[in-house]
Amino acid sequence: MTTDGQPPVTAGKVPVWRTAIESYGFVIANLGRLLALSWPLMVIGAAAPIVGGRSVWGVETLQHSPAYVVANILFFVAGFAMYIVFVVRWHRFFLLDDRESVFSEILAARNRRFLGYFLLLNLTPFLPMLIVVNIGFVVSIFGAGLPPEGVGTGLSVALFIIAWLPAFVLYFVFFRFSLVLPAAAFDRPICLGESWHRLRGNTRRYKNALTLVAIPTIIVGFILTVPFLPFLFARIQDGGLGPMTVRVGWMLVSIIFVIFGTAVWMTVLSTFYRHIVGMDAPEGRDGDTAAGAA
């Protein structure tokens, strides 16, 4: 379906630099709202390291036991679910000034629809890579008669490198479908074809805007990582889990980095969506969208 019942048309050009700067400004100006929507993710991130290694009471846990594996799976599922809810809520906050609780309407159809599109856009480009790698895995083991530990042969490595090329290309092709995400969060879902047509003329601008916002985020992320580098290097060398306080601190820094970066990224995407469907113009061709969704 189209947003206003009319055939999709090409929107005007979205300003790249202004979008990047204003997206950062919007997130920084709304850090309180960001915290209100992301605190469950921080709680899950802080609790997850306690599952492995030593607990806060110094009691050994059964690392790699069935209970350990199940607990980690539960933490991953809970964290990913809250991440999806957070992203949907942030889109709605930017587009509709929706200030509902992060747990409000947590089972709404929009969350399930957004999850489906999110998985489709982020996993599908890597399917060719997984297929090729698994073919190489089978050939290496059964065709060459190698044991599992000998899989890292030249053939497997070559197939892995070759398989990354279509995955890389497809990932950027799938950028043209990105508008389905804010549309789903906005309760005005559009099909993949309409997203492809509507983003025409702005695809490269969207990529450029994401590149601009990614650069300072990566720099800040590296600076925040520096204090943890000795711990990370030691962990690589001896395989240890490290002190609990360091593990929890590292996880929290990582979660905060992901949350902030995601908020800026989603703000950029919502800005493009708002401009393309005409929400920026008082008498835009889709100007009734906001009123209809609210």
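Residues numbered from 1 in each chain as written. Predicted model: local features only at pLDDT ≥ 70, side-chain atom pairs only at ≥ 80, totals over all residues. Heavy atoms only, no water.

### Remarks on the packing of aromatic side chains
Point 1. A full pass over the atoms with the stated rule returns 17 aromatic pairs.
Point 2. Note on F26 and W90: the rings are 5.8 Å apart at their centroids and 75° apart in plane angle, and the pair reads as edge-to-face. With F26 in helix 1 (residues 16–29) and W90 in helix 3 (residues 66–96), this residue pair connects regions lying 64 residues apart in the sequence.
Point 3. Geometrically, the ring pair formed by F76 and F80 is stacked, given 6.3 Å between the ring centres and 10° between the ring planes. Of this pair, F76 and F80 both sit in helix 3, separated by 4 residues, roughly a single helical turn.
Point 4. We classify F80 as partly exposed; its relative accessible area is 25%.
Point 5. One Lys or Arg, R176, reaches over the ring of W196 and ends 4.2 Å from the middle of that ring.
Point 6. Positioned over the ring face of F175 is K207, at 5.8 Å from the centre of the ring. (Phe/Tyr/Trp six-rings, centres within 6.5 Å; stacked < 30°, edge-to-face > 60°. Helix = DSSP H or I, 4+ residues; strand = E, 2+ residues; numbered from the N terminus. Buried < 20%, exposed > 50% of the residue type's maximum accessible area, 1.4 Å probe, protein only. Lys NZ or Arg CZ within 6 Å of the ring centre and 35° of its normal.)

### Some thoughts on helix 9 (residues 203–225)
Point 1. Taking 1.5 Å of rise per residue, the 23 residues of helix 9 would be expected to cover 33 Å, and the 32 Å separating its terminal C-alpha atoms lies within 8% of that figure.
Point 2. At A214, helix 9 shows its largest bend, some 25°, and a proline, P216, comes one to four positions later.
Point 3. Among the residues making up helix 9, those that are buried are T203, Y206, A209, L210, V213, T217, G221 and T225. (Expected span 1.5 Å × (residues − 1). Bend = angle between axes of the 7 residues up to and from the residue.)

### Details of a nonpolar patch on the surface
Point 1. On the surface, a nonpolar cluster with roughly 590 Å² of combined accessible area is contributed by L35, W39, V43, F103, I106 and L107.
Point 2. Within the secondary structure, W39 is located in helix 2 (residues 31–51).
Point 3. Overall, the relative accessible area of 40% leaves W39 in the partly exposed class. (Patch = residues over 30% accessible without salt bridge, like charges linked within 9 Å, V, L, I, M, F, W, Y side chains within 5 Å. Areas by Shrake-Rupley, 256 points an atom, 1.4 Å probe, with all protein chains shown as cover. Salt bridge = Lys/Arg side-chain N within 4 Å of Asp/Glu carboxyl O.)

### Remarks on the layout of surface pockets
Any empty space left between the atoms is revealed when a probe the size of a water molecule rolls over them.
Point 1. Computed from the structure, the largest pocket encloses a volume of approximately 680 Å³.
Point 2. Taken together, 28 residues form the lining of the largest pocket, with N122, Y171, F175, L210 and W265 sitting closest to its centre.
Point 3. Breaking the lining of the largest pocket down by element, the ones donating at least two residues are helix 3, helix 4 (109–123), helix 6 (154–173), helix 9 and helix 11 (244–276).
Point 4. Examining the composition of the lining of the largest pocket, we find that 8 residues originate from one element, helix 9, more than from any other.
Point 5. A class-by-class count of the residues in the lining of the largest pocket yields 21 nonpolar, 6 polar and 1 charged. (1 Å grid on protein atoms, 1.4 Å probe; cavity = no way out; pocket = protein on both sides within 12 Å on 5 of 7 lines; lining within 4 Å. Points joined across faces, edges and corners; volume = space filled by probe spheres on them. Nonpolar A, V, L, I, M, F, W, Y, C, P; charged D, E, K, R; others polar.)

### Some details on the nonpolar core
Point 1. Formed by 53 residues in total, the largest nonpolar core has its most connected members in F86, W90, F114, L181 and Y273.
Point 2. Among the elements of the structure, helix 1, helix 2, helix 3, helix 4, helix 7 (180–185), helix 9 and helix 11 are those that each provide at least two residues to this core.
Point 3. The greatest single-element share of this core, amounting to 11 residues, is contributed by helix 3.
Point 4. In this structure, L181 is in contact with F114, Y117, F118, L121 and L269, ignoring residues within four places of it in sequence. (Core = buried A, V, L, I, M, F, W, Y, C linked by side-chain atoms within 4.5 Å. Contact = heavy atoms within 4.5 Å.)

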